[in-house]
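Descriptive structure summary
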Amino acid sequence: MIRVVIGKPGLDGHDRGAKVVARALRDAGVEVIYTGLHVTAEQIVRTAVQEDADGIGLSVLSGAHMVLFPRVVELLAREGASDVVVFGGGIIPEEDIPVLRAAGVAEVFTPGTPVDAIVDWVRETFSGDRRRVTA
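Residues numbered from 1 in each chain as written. Predicted model: local features only at pLDDT ≥ 70, side-chain atom pairs only at ≥ 80, totals over all residues. Heavy atoms only, no water.

The name given to the chain in an unreviewed UniProt entry is Cobalamin B12-binding domain-containing protein, with Saccharothrix xinjiangensis as the source organism. The UniProt entry for the chain carries this comment under Cofactor (unreviewed entry): "adenosylcob(III)alamin". (UniProt positions renumbered as here; feature names shortened; annotations may be inferred.)

What follows covers the sheet that holds strand β1 (residues 3-7). Overall, parallel pairing links the five strands, which are arranged β2-β1-β3-β4-β5 in an open sheet. In the strand order of this sheet, the two ends are held by β2 (31-34) and β5 (105-109), each with one partner. The sheet shows a mean angle of 20° between the axes of neighbouring strands, taken without regard to direction. On the sheet, helix α1 (residues 16-27) packs against β1, β2 and β3 (55-60) and is oriented at approximately 155° with respect to β2. (Pairing = 2+ DSSP bridges. Helix = DSSP H or I, 4+ residues; strand = E, 2+ residues; numbered from the N terminus. Axes fitted to C-alpha atoms, helices over the stretch in contact; angles between N-to-C directions. Contact = heavy atoms within 4.5 Å.)

Right, let's talk about the nonpolar core for a bit. The nonpolar side chains of a soluble globular protein tend to be buried, and buried together. Of all hydrophobic cores here, the largest spans 24 residues; its most connected members are V5, I56, L58, F69, V72 and L76. Contributing elements (two or more residues each) for this core: α2 (41-50), β3, α3 (65-78), α4 (97-102) and β5. Looking at this core element by element, the count peaks at five residues for α3. In this structure, L25, V85, I118 and F126 belong to the second largest nonpolar core, which totals 18 residues. (Core = buried A, V, L, I, M, F, W, Y, C linked by side-chain atoms within 4.5 Å. Buried < 20%, exposed > 50% of the residue type's maximum accessible area, 1.4 Å probe, protein only.)

What follows covers the packing of α1 against helix α5 (residues 115-125). Remark: α1 packs on α5, axes separated minimally by 10 Å, with the N-to-C direction vectors making an angle of 55°. If you check the angle between α1 and α5, you find them oblique. Read as a crossing pair, α1 and α5 show a hand that is right-handed. Where α1 approaches α5, its residues V20, V21, A24 and L25 are matched on the opposing element by V115, I118, V119 and V122. (Parallel < 35°, antiparallel > 145°, perpendicular 65-115°, else oblique. Left-handed = near helix turned anticlockwise from the far one by under 90°.)

Here it is as C-alpha cells:
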C-alpha cells in the first residue's frame, strides 16, 4: 500500500485543500497520515521517517513554498530518506515551479488541478518500484 504524509507547514491556517486531497487519496486506497496545521518542516520529515512514508505532500498558500518545500527535501536528505518523494501544491506562481523541481520537488499542483489528476499522479509515481521519482 502507498503511504503518504500530507503536511501544512508554516503559519498558513487554510487546510481545506489539503484535507480534500488527503480524503481523495484515502478513498483511492492510499494510506494517508495528515499532520494537521502549523507544523514545522522538521515535524513533517520526522513523521514521514517514523511512518516509513513513500511520499510527502505539502500544501502552502502563504507564499512560503520557496523556503518550506526545499527545506523538507533537505531534511529528508539529512535523515538518509532521500527516497521519500516530495510533492506539493498551493498558490504557487508558474515561474517558481522549475526552481522547486530543481530543488528536488517531484511535482507541483496549482489551484484548479483536478483532484483525480493528483490521485493519478500518486498512483503512477508509486506503482511498481514503490519509490520511483518522476521528476
